[in-house]
Amino acid sequence: MHRHQRLYERIVRLENLIAAARSALRGRRWRGPGAAFLANFEHEVVALHEELSAGSYRHGGYHYFTIHEPKERVVAAAPLRDRVVHHAIVRVIEPIFERRFIEDSYACRRGKGTHAAMRRAAEFARRWPYALKCDVRRYFPSIDHDILLDLLRRVIGDARLMDLIGLILASHEDGQRQVWAPGGNLFDVRIIQRGLPIGNLTSQFFANVYLNPLDHFVKHELRVRGYVRYMDDFLLFGDDRTALRRQGAAVRGKLADLRLTIHPDKYRLLPTAGGVDFAGYVVFANGRIRVRGSSVRRFDRRYRRLLWELRQRRTPAARVTQSVRAWGAHVRHAQSYGLRRSVLSGRVERKEGRRKGVRDPCGGSSRGLRGGDWNNNSNNLQASNRNNNNPANENNNIGFRVTSS
């Protein structure tokens, strides 16, 4: 395999660092660290260029904080000048590795993303009756630095660049393992770190590199035609349940070679007719696409909170509009017209304290629910199921109570 040389010089060029700085500043220009960096833009970029050229650059510490949606994660925020270095590296080496990635890997790649991944999964769901759903357990914290560096060295032959990448990897760890040299004594031990910080651009890129051997194993050795991966979440499609179980066992073995394990609660063999959850959507064999119920409930909570903050004048209307537009752009990739109406009109049924006369936007009957009000209540039924209401939304069938069938 060809190994690329003289990459470090391309990374530390002023032109590359300027472009990387502009990328790193995107969306951060008017915040404290971003504004300070922008105010001394030329000085900061030249200082980085000189440190990298002289080999005196050292990575700074992280600011760690926890987010809770969709699940609890610890995010690491690197100093802005270090983010510029991350962008500079990825700008140079990403095109080299892009040619080695398979077509059906969709995370953190140009022209890919969650919607493209969902559409590919939906295509496979229409073609095959079964899907094996897999998810790597604690993926980012489990990535082994020694294995990752070995995968990178197979392509990168520039020692200075590998030293810089090693410096970035060493700036964070979620754990470590010990390796004793063959024939050595008790003290002849090497400490190997594991874990990538969630939040670095390099972490997203390295995470794709780390699972690239799995992609090629599934496609070229197992010869699975229906395979799609979005970061650590991936699907195998097929006609035979037994064959899929056998392929799943082989995938477990390949992941073990990478010191990774499948999440036991997210390893499922599913009929595509019943729906397959992937990349925020549920795709069905009949072509139907639904939005994942948990994401609907999560947005509904956020939307109600934003509306309350707006009424209290704690948030600008533009922020609410931006949030609604972003969510609307996401759910429009599914059959979601009724869902959008339900959520934005405040009529989503919730598990805690279910509202009266509201249909569940994530499934179930589209008729009235038990305990609904009289059916001249405009909130009782979807417009398409209302009983011949007049334009004023009045119903002549007074006296009949709407219940679910």
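Up top is the structure.
For clarity, every value in this text was computed on a predicted model and none was experimentally measured.

In terms of regular secondary structure, the protein chain is built from 14 helices and 11 strands. Looking at the protein chain as a whole, 46% of its 405 residues qualify as buried. Once local pairs closer than 6 in sequence are excluded, the contacts in the protein chain between residues at least 24 apart make up 64%. Put simply, the protein chain shows about 21600 Å² of open surface, and 48% of that area lies on carbon and sulfur atoms.

With that settled, consider the sheet that holds strand S9 (residues 276-278). Strand order in this open sheet of 3 strands is S9-S10-S11, and the pairing throughout is antiparallel. Single-partner strands in this sheet number two, and they are S9 and strand S11 (289-291). Each adjacent strand pair in this sheet contributes to an overall mean axis angle of 30°, direction not counted. Pairing between S9 and strand S10 (residues 281-283): 3 bridges, direction antiparallel. Along S10, the bridge assignment pairs valine 276 with valine 283. In the packing of helix H6 (residues 114-127) onto the sheet, contacts are made with S9, S10 and S11, and the angle to S10 comes to roughly 20°.

Before going further, it helps to spend a moment on a nonpolar patch on the surface. Taken together, the side chains of Trp180, Val189 and Ile191 define a hydrophobic patch exposed on the protein surface, amounting to about 260 Å² of accessible area. By the secondary structure assignment, valine 189 is in strand S5 (residues 189-194).

Spatial ordering of the open sheet is given by S6-S7-S3-S8, a layout of 4 strands whose pairing is antiparallel. Each end of this open sheet is capped by a strand with a single partner; those strands are strand S6 (226-230) and strand S8 (268-271). Across the sheet, the mean angle separating the axes of adjacent strands is 20° when strand polarity is ignored. Taken together, the 5 bridges between S6 and strand S7 (residues 233-238) define a ladder with antiparallel strand orientation. Each bridged residue has a counterpart across the sheet, and for arginine 229 the counterpart in S7 is phenylalanine 234. Helix H10 (residues 201-221) contacts S6 and S7 of the sheet and is inclined by roughly 175° relative to S6. Against the sheet, helix H11 (residues 241-257) makes contact with strand S3 (130-135), S7 and S8, and its axis sits at roughly 150° relative to S7, the strand it touches most.

Let's shift gears to the pattern of salt bridges. Pairs can form between side chains of opposite charge once their charged atoms are near each other. Tallied over the entire structure, the rule returns 16 salt bridges. The salt bridge partner of arginine 259 is aspartate 144, with a shortest N-O separation of 3.9 Å. One end of the pair, arginine 259, is in the loop between H11 and S8; the other, aspartate 144, is in the loop between helix H7 (139-142) and helix H8 (145-153), with 115 residues separating them in the sequence. By relative accessible area, which is 46% here, arginine 259 ends up partly exposed. A relative accessible area of 2% means that aspartate 144 is categorised as buried. Across the salt bridge formed by arginine 304 and aspartate 300, the nearest N and O atoms sit 3.4 Å from each other. Of this pair, arginine 304 and aspartate 300 are both found in helix H12 (residues 293-311), 4 residues apart, which corresponds to roughly one turn of the helix. Arginine 304 gets classed as partly exposed once you look at its relative accessible area, which sits at 33%. Residue classification places aspartate 300 among the buried positions, given a relative accessible area of 1%. Bridged by salt links that share partners, the residues Asp104, Arg120, Glu123 and Arg127 form one connected network.

What follows concerns the packing of H8 against H10. Running from amino to carboxyl end, H8 crosses H10 at an angle of 85°, the nearest separation of the two axes being 10 Å. Our classification of the angle between H8 and H10 gives roughly perpendicular. Residues Ile147, Leu148, Leu151 and Leu152 of H8 lie in contact with H10, whose contacting residues are Phe206, Val209, Tyr210 and Pro213. Taken together, the residues that form the contact of H8 with H10 break down as 8 nonpolar, no polar and no charged.

Once that is clear, we can look at helix H9 (residues 159-169). Listed in full, the buried residues belonging to H9 are Leu161, Met162, Leu164, Ile165, Ile168 and Leu169. Projected onto a plane normal to the axis of H9, the buried residues spread over an arc of 160° and lie on a single side. Residues Ala159 and Asp163 are exposed on H9 and point more than 90 degrees away from its buried face. On its buried side, H9 packs onto helix H1 (8-12), helix H4 (41-54), helix H5 (80-98), H8, S5 and H10. If you check the start of H9, you find a side-chain oxygen 3.0 Å away from the backbone N of arginine 160, and it comes from aspartate 158.

Basis of the calculations
- Residues numbered from 1 in each chain as written.
- Predicted model: local features only at pLDDT ≥ 70, side-chain atom pairs only at ≥ 80, totals over all residues.
- Heavy atoms only, no water.
- Helix = DSSP H or I, 4+ residues; strand = E, 2+ residues; numbered from the N terminus.
- Buried < 20%, exposed > 50% of the residue type's maximum accessible area, 1.4 Å probe, protein only.
- Contact = heavy atoms within 4.5 Å.
- Areas by Shrake-Rupley, 256 points an atom, 1.4 Å probe, with all protein chains shown as cover.
- Pairing = 2+ DSSP bridges.
- Axes fitted to C-alpha atoms, helices over the stretch in contact; angles between N-to-C directions.
- Patch = residues over 30% accessible without salt bridge, like charges linked within 9 Å, V, L, I, M, F, W, Y side chains within 5 Å.
- Salt bridge = Lys/Arg side-chain N within 4 Å of Asp/Glu carboxyl O.
- Parallel < 35°, antiparallel > 145°, perpendicular 65-115°, else oblique.
- Nonpolar A, V, L, I, M, F, W, Y, C, P; charged D, E, K, R; others polar.
- Arc of directions from axis to C-beta.
- Polar contact = N/O pair within 3.5 Å; in protein donor to acceptor, adjacent residues only side chain to side chain.

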